[in-house]
Amino acid sequence: MDDRITLRFLAAPQDAAVGGTTVAAGRVLEWIDKAGYACAVGWSSSYCVTAYVGNVHFTRPIASGEIIEAHARIIHTGRTSMQVLVTVDAADVRSRDFVPATHCILVFVAVDDHGRPQEVPPWSPTSSSDRMLNARAEERLAPRRAIRDAMQQQAYSPEGTTPSTVFRFLAAPGDANWGGNAHGGTVMRWIDEAAFACAAGWTSESAVAVYSGGIHFYRPIRIGHIVEVAARLIHTGPQSMHIAIHVRSAPPSTPRALELTTQCMSVFVEPDAATGRSRPVPALTLVSDEDRRLDAHALDLIRLRAGLEALPLASAPVPA
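None of these values were measured; they are calculated from a predicted model.

Scoring rules and cut-offs
- Residues numbered from 1 in each chain as written.
- Predicted model: local features only at pLDDT ≥ 70, side-chain atom pairs only at ≥ 80, totals over all residues.
- Heavy atoms only, no water.
- Helix = DSSP H or I, 4+ residues; strand = E, 2+ residues; numbered from the N terminus.
- Rg over C-alpha atoms; globule rule 2.2 N^0.38 Å.
- Buried < 20%, exposed > 50% of the residue type's maximum accessible area, 1.4 Å probe, protein only.
- Contact = heavy atoms within 4.5 Å.
- Areas by Shrake-Rupley, 256 points an atom, 1.4 Å probe, with all protein chains shown as cover.
- Lys, Arg positive; Asp, Glu negative; His and termini not counted.
- Charge placed at Lys NZ, Arg CZ, Asp CG, Glu CD.
- Disulfide = S-S within 2.5 Å.
- Salt bridge = Lys/Arg side-chain N within 4 Å of Asp/Glu carboxyl O.
- UniProt positions renumbered as here; feature names shortened; annotations may be inferred.

Some words on the overall build of the protein
Each helix and strand in the protein was counted, giving 5 helices and 10 strands. In terms of overall dimensions, the protein is globule-like: its C-alpha atoms have a radius of gyration of 19 Å, near the 20 Å expected for 320 residues. The burial tally for the protein puts 51% of its 320 residues in the buried class. Taking as baseline every contact in the protein between residues at least 6 positions apart, the subset at least 24 positions apart corresponds to 76%. When the accessible surface of the protein is totalled, it reaches about 14500 Å², and 53% of it is carbon and sulfur. Charged side chains in the protein number 29 positive and 32 negative. The centres of these two groups are separated by 2 Å.

The following block contains the structure:
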């Protein structure tokens, strides 16, 4: 068994976001999920499902045509789960001078042929960097549950008046993973697309994602089922837009019986084309009690995330 893996490939033109110059955040999320999945399956020797993706920080844009390295390594194991650290680096294909573009932690659960969780081999740190990453992973367990509970306690109803975008479509055969359900990375791409449409409607098509977190996967999405992705702007900072996204699904025979499958929070900014710095965004007007409650909820999530220790990435390189 190996506790790490590196995927290397080129960012293709079809990976680009609106505007065509940089790669869409949703595509990067797909890369992250693929690298994490390959690592988790390699460690557990079983099929795995994505249960959580947290604190995805997009630290630099990736240009179409750049060479990509997606590094994944096990940093913590539970009885049936694995925490996988994924870092994505990008470089000009000529210079090969790789620069970090994003990083996050994913949680995968190993399942048997009947879809039931099964035990995974325990992982133990063998170096100082392993031990530090393992400690950071353990520290995140309680805050992650607190963030999940805070998000689950919120209700989103027609009483909310802030801008929203809803996508509705069928999960296609091309969206399937090796288990026959929609791939976790594909679901994250749908999330990013709906969130982008919501952010662009508030500012412009120049809006870009800088953060996505608290991505909890509650149940699989079956191929052929109706998928509804709802994104709502719930808070604005001086230069940021905080968007809550909920994914629901149901069989076409019972389209009104939509069940929550995935939820998360994404943050977008509007970069200045000349300086690259974030521009001020229009302040969100809070009209209803629900608007004010969800605005306070976003501030609470910011506070919870601020309490997390930074991952010691510089001291823990992942070899190719």
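Structural notes on the environment of V86
Along the chain, V86 turns up in strand β4 (residues 81-91). A C-alpha to C-alpha distance of 6.7 Å links V86 and R73, two positions 13 residues apart in sequence. Excluding residues that lie within four positions of it along the chain, V86 makes contacts with I32, A35, G36, H71, A72, T102, H103, C104 and L106.

Some details on the state of the cysteines
One way to say it: the disulfide is the covalent bond shared by the sulfur atoms of two cysteines. Using the criterion set out here, one finds 0 disulfides in the structure. The cysteine C39 is free of any disulfide, with C48 supplying the nearest cysteine sulfur at 9.6 Å. Summary of cysteine pairing: C104 is not part of a disulfide, and the nearest cysteine sulfur, belonging to C264, is at 12 Å.

Things to note about the pattern of salt bridges
Here the idea is simple: oppositely charged side chains can pair when their charged atoms come close. Counting across every chain of the model gives 22 salt bridges. Residue R219 pairs with E259 through a salt bridge whose shortest N-O separation is 3.7 Å. In this pair, R219 is assigned in the loop between β7 (208-217) and β8 (226-236) and E259 in strand β10 (residues 259-269), connecting sequence segments 40 residues apart. A relative accessible area of 37% places R219 in the partly exposed class. Accessibility expressed as a relative area gives 42% for E259, which makes it partly exposed.

Details of the UniProt feature "domain: HotDog ACOT-type" (unreviewed entry) in the protein
UniProt annotation of "domain: HotDog ACOT-type" (unreviewed entry) refers to residues 1-114 and 161-274 when read in the numbering used here. The straight-line gap between the two end C-alpha atoms of residues 1-114 is 23 Å; of that span, 18% is helix and 46% is strand. For residues 161-274, the end-to-end C-alpha separation is 34 Å, with 17% helix and 43% strand making up the annotated structure.

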